[in-house]
Amino acid sequence: MLPLEELCRRAGWRKALGQKMVFTNGCFDLLHAGHVSYLARAREAGDFLVVGLNSDTSIRRIKGPKRPVNPQEYRAQVLGALSVVDYVVLFDEDTPERLIKALRPDVLVKGADWPEEKIVGASFVKSYGGKVLRIPFEHEISTTKIIEKIRQNEA
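This structure is a prediction, so every number in the text was calculated from the model and none was measured.

1. Remarks on the environment of Ser55
As for its placement among the helices and strands, Ser55 is situated in the loop between strand E2 (48-54) and helix H3 (56-63). Classification of Ser55 as buried rests on a relative accessible area of 0%. Along the chain, Ser55 and Gly26 lie 29 residues apart, while their C-alpha atoms are 9.6 Å from each other. Setting aside residues no more than four positions away along its own chain, Ser55 makes contact with Gln72, Arg75, Leu90, Phe91 and Asp92.

Encoded structure:
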């Protein structure tokens, strides 16, 4: 996990070499097969993948007081260990807009369940010639569904 300032420096060097940056974001609370296939497909869209990771505080605001299950340090460590993920950067806001504006990715990736007009940063990325890629899910799985299944098995 890198601070944004350092990540901007490293991304700038790579872009200067002609490499394309792909950016995506999420909570990645309980990493599962759906996450892994999504991240692998995202990485195929460019030369290096940056993952914006919602902080614990951000997730609590978005998903409620019982989330996240895993603290941000653990989530970042797991994501960073994946060969398809080049950099992980944390954000405290509800959306990654500040990161997107600072990093100026060549490709912005979200799940196909997001209509393009609702993807934070999409119009900004397209304004300078970047692309927005919506990736369909390969697995019908989510962290919320996993948590619900565990709770049902406990009852």
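2. Brief notes about the pattern of salt bridges
All chains considered together, the criterion is met by 10 salt bridges. Linking Asp56 and Arg75 is a salt bridge whose minimum nitrogen-to-oxygen distance equals 2.8 Å. You can see Asp56 sitting in helix H3 and its partner Arg75 sitting in helix H4 (residues 72-81), a full 19 residues away along the chain. The pair formed by Asp56 and Arg75 is uniform in burial state, with each residue classed as buried. Taken together, the shared-partner salt bridges connect Glu5, Glu6, Arg9 and Arg10 into one network.

3. Description of helix H1 (residues 4-16)
Note: α-helices contain 3.6 residues per turn, so residues at a spacing of three or four share the same orientation. Between the first and last C-alpha of H1 there are 18 Å, a value that for 13 residues agrees with the 18 Å anticipated at 1.5 Å per step. Of all the residues in H1, the buried ones are Leu4, Glu6, Leu7, Ala11 and Arg14. In an axial view of H1, the angular spread of the buried residues amounts to 155°, which keeps them on one side of the axis. H1 presents Glu5, Trp13 and Ala16 as exposed residues on the side facing more than 90 degrees away from its buried surface. Against strand E1 (21-26), E2, strand E3 (87-91) and helix H5 (97-103) lie the buried residues of H1. After H1 finishes, the residue Gly18 shows a positive phi value of roughly 90°.

4. Description of the nonpolar core
Ranked by size, the top nonpolar core spans 19 residues in total, and within it Leu7, Phe23, Val50, Leu99, Leu103 and Leu108 carry the most contacts. Put simply, the parts of the chain that give this core at least two residues each are H1, E1, E2, E3, H5 and helix H6 (122-127). Leave out the neighbours within four places in its chain, and Leu103 touches Leu4, Leu7, Cys8, Lys15, Met21, Phe23 and Val50. Core analysis: the next-biggest nonpolar cluster, separate from the first, contains 15 residues, Tyr38, Ala42, Leu53 and Val107 among them.

5. Things to note about the pairing of E3
Most of E3 sits inside the fold, with four of its five residues counted as buried. Across five bridges, E2 lies against E3 in parallel orientation. Following the sheet pairing, Leu53 is matched in E3 by Leu90.

How each quantity is defined
- Residues numbered from 1 in each chain as written.
- Predicted model: local features only at pLDDT ≥ 70, side-chain atom pairs only at ≥ 80, totals over all residues.
- Heavy atoms only, no water.
- Helix = DSSP H or I, 4+ residues; strand = E, 2+ residues; numbered from the N terminus.
- Buried < 20%, exposed > 50% of the residue type's maximum accessible area, 1.4 Å probe, protein only.
- Contact = heavy atoms within 4.5 Å.
- Salt bridge = Lys/Arg side-chain N within 4 Å of Asp/Glu carboxyl O.
- Expected span 1.5 Å × (residues − 1).
- Arc of directions from axis to C-beta.
- Core = buried A, V, L, I, M, F, W, Y, C linked by side-chain atoms within 4.5 Å.
- Pairing = 2+ DSSP bridges.

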